[in-house]
Amino acid sequence: MDAIVLQILNGLDKGGAYALIALGLTLIFGTLGVVNFAHGALFMLGAFCSVALQKLLTLSMKVKDPSVTFFDAYKQIPYLEIWLGDTGKAIIDYAVPLSILVAIPVMLLIGLAMERGLIRHFYKRSHAEQILVTFGLAIVLQEIVKHFFGANPVPVPAPATVAGSADVGALLGLGSSVIYPWWRLIYLGFSLVVIAIVFAFLQFTTFGMVVRAGMADREAVGLLGINIQRRFTIVFGIAAIVAGLAGVMYTPILPPDYHIGMDFLVLSFVVVVVGGMGSLPGAVTAGFLLGILQSFASMTEVKSLLPGIDQIIIYLVAVVILLVRPRGLLGRKGVMEG
Amino acid sequence: MQDNTPRNDLILFACFSIAVLAMPLWTAPFGADYPDLLQKFAIYGIFAIGFNILFGLTGYLSFGHAAFLGVGSYTAVWAFKLLTMNVLPAVLFGVIFAGIFAAAIGFLSLRRTGIYFSILTLAFAQMSYNLAYSVLTPLTNGETGLQLRGTDPRLLDSLLGVATPDGLPSPNLFGFELLGYPSFYFCAVMLIIAFYLALRITRSPFGTMLRAIKSNQNRLSYTGVNTRPYAMAAFVISGMYAGLAGSLLAVTDPLAGAERMQWTASGEVVLMTILGGAGTMLGPILGAGIIKYFENIFSAFNDATLHSIFGFLPHWLSDPLVAVLGLFVGDGWQLTLGALFMVIVIFLPGGLMEGATRLIQLTRRKRPDGGSSEDAAGSRRAFHAGE
Amino acid sequence: MSILQVQNVNKSFSGLRALNNVNLTVEEGHVHAIIGPNGAGKSTLLNCFVGRLTPDTGTVTFNGTSLVGKSPHEINQVGVARVFQTPEIFGDLTLLENVMIPTLAKRDGAFALNAWARVDGERAVIEKAEHLLEDVGLADKRDVLANSLSRGDKRRLELAMCLVQDPKLLLLDEPTAGMSRADTNATIDLLKRIGERGITKIVIEHDMHVVFSLAHKISVLAQGTVIAEGKPDDIKGDPRVQEAYLGGAHL
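Residues numbered from 1 in each chain as written. Chains lettered and ligands numbered in written order. Predicted model: local features only at pLDDT ≥ 70, side-chain atom pairs only at ≥ 80, totals over all residues.

### With respect to the overall build of chain C
For step 1, the next point in the chain: Scanning chain C for helices and strands turns up 9 helices and 10 strands.
For step 2, the next point in the chain: For 251 residues, the compact-globule estimate of 2.2 N^0.38 gives 18 Å, and the C-alpha radius of gyration of chain C, at 19 Å, lies within 12% of that figure. (Helix = DSSP H or I, 4+ residues; strand = E, 2+ residues; numbered from the N terminus. Rg over C-alpha atoms; globule rule 2.2 N^0.38 Å.)

Structural data, given as structure tokens:
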């Protein structure tokens, strides 16, 4: 029982990341009709927003270490700590959550620039060409990041107050203890909140109504004389923010390196396909489902029964879904079926 | 169609063969005349020709072709280990196994078209890659990669009483060691054969059917053609080409690693084909050559070489220039590749061959009475039909 | 003698009945027109003949073999060819290639690994294709890419692609839709000329001028049911037909 709860929890935080990336992917596909292979790169850029902010906040000055008296020793003290004392320390400690505030405008700008500068010209071109050009863009983005931040993963710690683990077993009243890191629980909650905001936005605003109508029948909405172009740009910006935020908050779980985006992209595409191309609830459901499935597949009991299953489970599910039910779990019939 | 007469094709083939065999001569001014690089041109040329038979003719975009390359490499190394250091069985088995593997994956993937097909091939390739690193370690030797050992059985060699040298043996062709230039010429001959076969396929009724699949698969099935076996045949053939390329990689360097199967490697062959011109005869080979050449040259550059190149400029000018260019060379070679990818897809979707065709048209139009509209139609047709 | 028999065919789309117990018999050598208002199920019926759709119940028998459950290429191989409402051609191939492909499909069957011969060495196939291009008046454009043709020419090309296979049954889905009067007349002439070859044809058409100048027999479809059937003159006077059209067409 504990083991099962633990595996589900293990799957949920990863599933949250999958769901957030897949949500943007499917939103872009559903509205703009574009297959965006650079979406993983947006996740990666988000992650490096928090790396960059953390670096910025910890810019340090070399000062003499007074605690060492036998010889001259120096240590690095961040300017922020020198100027603001304990407040500075706290700000540094909260670098990751603070990055959210930075990432939202940065990712929005990146998203708008990408749509205006590149994606817009590929609405009418074939999916193959869309894949190729965004694949090229993804390489360019990750190489630029590699140039500035190096090839090795950069660890970014979570705030000290939530660095430990929670006993989820006790929280749920299971009687036995299930130890689970606080930050992962926070990530799960965070991803649920972001998903809820996106859905609420699409459900309750006029803008969202137009976007949903556009997903159902793009041509009809175009005929209504609505300036669909500007809305598409904003949709892309939103998708970029969502992917970026997923990346920002993921840094304490997995230190990001420049190709983290590619790793997540392939999996997120699988998630989109499994959920059903162009289906928002499908993307979310499939994201969490596949995250949990992957976590169960990495249990030693399962691995000893089916060696290597943890390595291929997600792809296996995708293959089966594509062959048996190409519209995905919650996709509409006829969308990209063939 | 009159552009692709048997006579013109013969001339094309003859010129191509001569150009390939004479590569050590004409690549010298580019500083590319060493066997290591030349055989890479040939091998990746084969890979790209094969990929073009699938993507260029039928329009099916596979994102998992590197898996077949990997299978070819592993099979060839195993042939070296188990049978003989003669390269022919290695190449033969590499092609056959890659073909079988492609048949299995193609059988499933070709049930879908468009982006779904791409994702299916990608999923299969990623599965192969992940398994090669984990469970299949007994077959692939995991991260270290599969390599030769002095203790390998080499049954055929010991049966025929071939003397084993001290240390590791090197691949040979009936006793003739394939190292350096002989190894390049072996690959070059393979490239010429591969090109000839692709030319025959493209010009055949079968090739016409493949182009019809790309053009309008729906019409083709209402015309009485079962498109699935055609696409399947194209998929298997291109898988076998990839297997040939993979086994030649093992011939030139008897070592096989899983990274050859990664999806970025699949992306590379897509780029080669697109860069040169998908659907053309020479384009993919040209693309493969250009990418391998610049990869080799650019990745060897560093800031010091750049400084020496721009040393004649004043410092205030050369320093920023080197800083910017430094992004694109050395470790940043991938950046150049990505940018090139984008530029080609955006501005020249038909690849360099289309660019060349456009240039020829421009010069023809400049002639007083030469450039008629018939010329333009003709070269456009020629582009589609393959040359 | 009848060449196509359709018995009790039903087809529903998510509860919506598109075809309701359709019965139809097409005589060999006839031009059989199917008319009816928009949404009457004409195209659905045609799709059931060529394997794009499978009827929920009922049988479609062609020359003694059942077509139900067969795939499009199998149905073509037994001798049924189709011209689509919007021309389906190989846009980025030349006209000659467009007509050669169906010729090859007729000669080699649904699949042949004919990868060693040269396509430009197939003299008989080329000659036959050129002949058909001449028949439809496109011989001078044989090396042009099909995409560059006008809509009327595309339709004629598609017709050539079907005729080159010497089909036993030719299905024409609105062969004159969107054409000018002159193009329409040219198409009627063309269809009459190929009528002399004795190919059985099923024509779906809105233009009554075309229907009455071509058809031997007319079936009227409304709301998925055949409401009237007979010779053109009988149909003209049938009150049920006029009601179905609600005066929308001049009969």
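### Digging into the overall build of chain A
For step 1, the next point in the chain: Along chain A, the regular secondary structure elements total 15 helices and 4 strands.
For step 2, the next point in the chain: What you see for chain A is a C-alpha radius of gyration of 22 Å, in line with the 20 Å of a compact globule of 338 residues.
For step 3, the next point in the chain: Judged by the C-alpha coordinates and their principal axes, chain A covers about 80 × 50 × 35 Å.
For step 4, the next point in the chain: Put simply, chain A has 338 residues, and 48% of those count as buried. (Buried ≥ 20, exposed ≤ 12 C-beta atoms within 10 Å, placed from the backbone.)

### Re the interface of chain B and chain A
One frequent convention defines the size of an interface as the accessible area lost when the parts assemble.
For step 1, the next point in the chain: Contact with chain B, which involves 35 residues of that partner, is made by 31 residues of chain A.
For step 2, the next point in the chain: It is helix α6 (residues 114-133) of chain B that provides the largest number of residues to the side of chain B that touches chain A, a total of 12 residues.
For step 3, the next point in the chain: Considering only residue class, the side of chain B that touches chain A consists of 23 nonpolar, 10 polar and 2 charged. (Contact = placed C-beta atoms within 7 Å. Nonpolar A, V, L, I, M, F, W, Y, C, P; charged D, E, K, R; others polar.)

### Digging into the interface of chain C and chain B
For step 1, the next point in the chain: On the chain B side, the residues contacting the 35 residues of chain C number 30 residues.
For step 2, the next point in the chain: Breaking the side of chain C that touches chain B down by element, the ones donating at least two residues are α2 (72-77) and α3 (95-108) of chain C.
For step 3, the next point in the chain: At 7 residues, α3 of chain C tops the list of elements feeding residues into the side of chain C that touches chain B.

### Things to note about the UniProt feature "transmembrane region" (unreviewed entry) in chain A
All names here are of chain A.
For step 1, the next point in the chain: Using the residue numbers shown here, the UniProt feature "transmembrane region" (unreviewed entry) corresponds to residues 15-35, 42-61, 91-110, 131-149, 185-211, 232-253, 265-293 and 305-324.
For step 2, the next point in the chain: Between the C-alpha atoms that bound residues 131-149 the distance is 27 Å, and the span itself is 100% helix and 0% strand.
For step 3, the next point in the chain: Here residues 232-253 is 86% helix and 0% strand, with 32 Å between the C-alpha atoms at its ends. (UniProt positions renumbered as here; feature names shortened; annotations may be inferred.)

### A word on the sheet that holds strand β1 (residues 2-13) of chain C
Residue and element names in this part refer to chain C.
For step 1, the next point in the chain: Taken in spatial order, the 4 strands make up an open sheet running β2-β1-β4-β5, and their pairing is antiparallel. Strand pairing shows two members of the sheet lacking a second neighbour, β2 (16-27) and β5 (65-66), which therefore form its edges.
For step 2, the next point in the chain: Bridging between β1 and β2 involves 8 bridges; their strand directions are antiparallel. When the bridges of β2 are listed, L4 appears paired with V26. (Pairing = 2+ DSSP bridges.)

### Let's talk about the packing of helix α12 (residues 263-276) of chain B against helix α13 (residues 283-300) of chain B
All names here are of chain B.
For step 1, the next point in the chain: α13 packs onto α12 with a crossing angle of 120° between their chain directions and a minimal axis gap of 7 Å. The handedness of the crossing between α12 and α13 is right-handed. For the pair formed by α12 and α13, the contact residues are L271, M272, T273, L275 and G276 on the first element and G283, P284, I285, L286, G287, A288, I290 and I291 on the second.
For step 2, the next point in the chain: A breakdown of the residues in the contact of α12 with α13 according to their chemical character gives 9 nonpolar, 4 polar and no charged. (Axes fitted to C-alpha atoms, helices over the stretch in contact; angles between N-to-C directions. Left-handed = near helix turned anticlockwise from the far one by under 90°.)

### A look at the packing of helix α3 (residues 35-58) of chain B against α13 of chain B
Residue and element names in this part refer to chain B.
For step 1, the next point in the chain: The geometry of α3 relative to α13 is characterised by a closest axis approach of 8 Å and an angle of 140° between their N-to-C directions. The angle between α3 and α13 falls in the class oblique. Judged by the twist between their axes, the crossing of α3 over α13 is right-handed. In contact with L37, K40, F41, Y44, G45, F47, A48, I49, F51 and N52 of α3, α13 contributes P284, I285, G287, A288, G289, K292 and N296.
For step 2, the next point in the chain: Considering only residue class, the contact of α3 with α13 consists of 10 nonpolar, 5 polar and 2 charged. (Parallel < 35°, antiparallel > 145°, perpendicular 65-115°, else oblique.)

### So, the sheet that holds strand β10 (residues 225-230) of chain C
All names here are of chain C.
For step 1, the next point in the chain: The 6 strands lie next to each other as β6-β7-β8-β3-β9-β10, forming an open sheet whose pairing is mixed. Looking at strand neighbours, the two that pair on one side only are β6 (80-83) and β10, the edges of this open sheet. Strand-to-strand twist of the sheet, defined as the mean angle between neighbouring strand axes without regard to direction, takes the value 20°.
For step 2, the next point in the chain: Bridge count for strand β9 (residues 217-222) against β10 is 5 bridges, and the pairing is antiparallel. Paired with S219 across the two strands is E229, which belongs to β10.
For step 3, the next point in the chain: Across the sheet, helix α1 (residues 42-50) touches β3 (31-35), β6, β7 (169-173), β8 (200-204) and β9, and the angle it forms with β7 is around 150°.

### Section: the environment of T233 of chain A
Residues and elements named next belong to chain A.
For step 1, the next point in the chain: With respect to the helices and strands, T233 occurs in helix α11 (residues 228-250).
For step 2, the next point in the chain: Put simply, T233 and I119 are 114 residues apart on the chain and 9.3 Å apart in space, counted from C-alpha to C-alpha.
For step 3, the next point in the chain: Ignoring sequence-local partners within four residues, the contact set of T233 consists of L112, E115 and R116.

### With respect to the arrangement of the chains
For step 1, the next point in the chain: Contacts are most numerous, across the 2 pairs of chains in contact, for chains B and C.
For step 2, the next point in the chain: With no contact between them, chain A and chain C keep their nearest C-alpha atoms 11 Å apart.

### As for the environment of S295 of chain A
All names here are of chain A.
For step 1, the next point in the chain: For S295, the location among the structural elements is in helix α13 (residues 280-297).
For step 2, the next point in the chain: Here S295 falls in the buried class, since 21 other C-beta atoms lie within 10 Å of it.
For step 3, the next point in the chain: With 285 residues separating them along the chain, S295 and N10 place their C-alpha atoms 6.1 Å apart.

### A short note on helix α15 (residues 315-326) of chain B
For step 1, the next point in the chain: With 12 residues, α15 of chain B should cover 16 Å at 1.5 Å per step; its first-to-last C-alpha distance of 15 Å lies within 8% of that length.
For step 2, the next point in the chain: The buried count for α15 of chain B comes to 1 of 12 residues, which makes it a mostly uncovered element. (Expected span 1.5 Å × (residues − 1).)

### Considering the environment of G247 of chain A
Residues and elements named next belong to chain A.
For step 1, the next point in the chain: With respect to the helices and strands, G247 occurs in helix α11.
For step 2, the next point in the chain: For G247, a count of 31 C-beta atoms within 10 Å corresponds to the buried category.
For step 3, the next point in the chain: Separated by 68 residues in the primary sequence, G247 and Y315 have C-alpha atoms spaced 22 Å apart.
For step 4, the next point in the chain: Each residue touching G247, except ones within four places of it in the same chain, is listed here: F43, M44, L45, G46 and A47.

### Some remarks on the confidence of the model for chain C
Residue and element names in this part refer to chain C.
For step 1, the next point in the chain: Of the residues in chain C, 97% have a pLDDT of 70 or more, and the chain-wide mean is 88.
For step 2, the next point in the chain: The secondary-structure element of chain C with the lowest mean pLDDT is helix α9 (residues 239-245), recorded at 75, while α3 shows the highest, at 95.
For step 3, the next point in the chain: The complex prediction reports pTM at 0.88, with the ipTM value standing at 0.91. (pLDDT = per-residue confidence, 0-100.)

### Description of the confidence of the model for chain A
For step 1, the next point in the chain: The predicted model of chain A has a mean per-residue pLDDT of 85, with 95% of residues at 70 or higher.
For step 2, the next point in the chain: For the stretch residues 334-338 of chain A, pLDDT sits under 50, and the model shows 12 contacts to residues farther than four places along the chain or on other chains.

### Things to note about α12 of chain B
Residue and element names in this part refer to chain B.
For step 1, the next point in the chain: The first and last C-alpha atoms of α12 sit 20 Å apart over 14 residues, in line with the 20 Å expected at 1.5 Å per residue.
For step 2, the next point in the chain: Most of α12 is tucked away, with 12 of its 14 residues classed as buried.
For step 3, the next point in the chain: All of the buried residues in α12 are W263, S266, G267, E268, V269, V270, L271, M272, T273, I274, L275 and G276.
For step 4, the next point in the chain: Directly after α12, the chain includes G277, whose backbone phi takes a positive value near 130°.

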